[in-house]
Amino acid sequence: MSIRLIVKDPDPVLREVAKEVTKFNANLQKLLKDMAETMYDADGVGLAAPQIGISKRVIVVDVGDERGLIEMVNPVIVEQEGEQLGPEGCLSIPNLNGDVLRADRIVVKGQDSSGQFFTVEASGFLARAFQHEVDHLNGILFTDLAENVYDITERPRKGGE
Ligand code: CO
């Protein structure tokens, strides 16, 4: 495993529509491991492959709840309901947070590292993290959606995505 460099806005890779994964091989498994290691090293709660410069539809999420690390390939949000407004940050946009309106409950369907399909039902902060990471795969950053964006350098907080 190795920690990868996290690319920062305005790197153009963050604005690409990432490619669907079709090969479920050792390279993908190494990518997932590296992404998790990179996310934990940066004190993040989620990471999408474009954030390490790889334009593929791969995400990892761990918001510190009992579900632990969730690795998902080719994720698609298939159901969503409700609303939540709350603060978000991003490992690719250091020092900024913003309040983003998200669905409160989602069902996301994707594949594991061997290509098996599975679904995750999530609400609250976990649902927010999934929506943030899936946006990354479509070239969307939280600053595109935020009602306001503010500098947090004077009061740093953890939990970037
Ligand atoms: Co992010």
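Note that the structure is a prediction, hence the values are computed from the model and not measured.

1. Some remarks on the UniProt feature "binding site: Fe cation" (unreviewed entry) in the protein
Summarizing the sequence annotation, UniProt attributes the feature "binding site: Fe cation" (unreviewed entry) to Cys 90, His 132 and His 136 in the numbering used throughout. Taken together, the annotated residues stretch across 47 residues yet fold into one region, lying no more than 10.2 Å apart by C-alpha. As for its placement among the helices and strands, Cys 90 is situated in strand 4 (residues 84-90). Take Cys 90: its relative accessible area is 6%, and that puts it in the buried class. Those residues in contact with Cys 90 that sit more than four places away from it in its chain are Gln 51, His 132, His 136, Phe 142, Gly 160 and Glu 161.

2. Some remarks on the nonpolar core
Ile 59, Ile 106, Val 120, Ala 122 and Phe 130 are the most contacted members of the largest nonpolar core, which totals 16 residues. Secondary structure elements with two or more residues in this core: strand 2 (58-61), strand 3 (70-81), strand 6 (105-111), strand 7 (117-123) and helix 2 (124-137). Of all the elements, helix 2 adds the most residues to this core, at 5 residues. Ignoring any residue separated from it by four or fewer positions in sequence, one finds Ala 122 in contact with Arg 67, Asp 104, Arg 105, Ile 106, Ala 127 and Phe 130. Core analysis: the next-biggest nonpolar cluster, separate from the first, contains 14 residues, Leu 31, Met 35, Ile 52 and Val 60 among them.

3. Observations regarding the sheet that holds strand 3
Sheet architecture is open: 5 strands sit in the order 1-2-3-6-7, paired in antiparallel fashion. The sheet is open, and its two edges are formed by strand 1 (46-48) and strand 7, each paired on a single side. On average, each strand axis in the sheet is tilted by 35° relative to the strand beside it, whichever way the strands run. Of the strand pairs in this sheet, strand 2 and strand 3 are connected by 4 bridges, and their pairing is antiparallel. Bridge pairing links Val 58 to Val 73 in strand 3. Across the sheet, helix 1 (residues 26-41) is in contact with strand 1, strand 2 and strand 3; its angle to strand 2 comes to roughly 40°. In this fold helix 2 packs onto strand 1, strand 2, strand 3, strand 6 and strand 7, with an angle of close to 155° to the strand it touches most, strand 2.

4. Comments concerning the environment of Gly 44
Inspection of the secondary structure puts Gly 44 in the loop between helix 1 and strand 1. Placed 19 residues apart in sequence, Gly 44 and Val 63 show a C-alpha to C-alpha distance of 8.3 Å. Here Gly 44 is in contact with Met 39, Asp 62, Leu 91 and Gly 160, once residues within four sequence places are set aside.

5. Focus on the pairing of strand 7
Sheet topology places strand 6 next to strand 7; 7 bridges connect them, and they run antiparallel. Residue Gly 110 lies in a different strand from strand 7, and its bridge partner there is Phe 118. The turn linking strand 6 back onto strand 7 is made up of 5 residues, and Gly 115 within it adopts a positive phi angle of 95°.

Criteria and thresholds
- Going along each chain's sequence as written, the residues are numbered from 1 onward.
- This being a predicted model, a pLDDT of at least 70 is required before a residue's local features are given, and a value of 80 or more before pairs of side-chain atoms are given or counted; all residues contribute to the totals for chains, interfaces and linings.
- Side-chain measures were taken over the full set of non-hydrogen atoms in the model, leaving aside hydrogen atoms and water.
- UniProt positions are given in the numbering used here, feature names are shortened, and annotations may be inferred rather than shown by experiment.
- For helices the rule is a DSSP run of H or I covering at least 4 residues; for strands it is a run of E covering at least 2, with both sets numbered from the N terminus onward.
- Each residue's exposure class comes from its accessible area (1.4 Å probe, protein chains only) as a fraction of the maximum for that residue type: buried when under 20%, exposed when over 50%, partly exposed otherwise.
- Residue contacts are defined here by distance: any two heavy atoms, one from each residue, within 4.5 Å place the two residues in contact.
- Throughout this description, the term nonpolar core refers to a set of buried Ala, Val, Leu, Ile, Met, Phe, Trp, Tyr and Cys residues connected via side-chain atoms within 4.5 Å.
- A strand pair is defined by DSSP finding two or more bridges across the two strands.
- Here the axes come from fitting lines to C-alpha atoms, over the contacting stretch only for helices, and the angles between their N-to-C directions go from 0 to 180 degrees.

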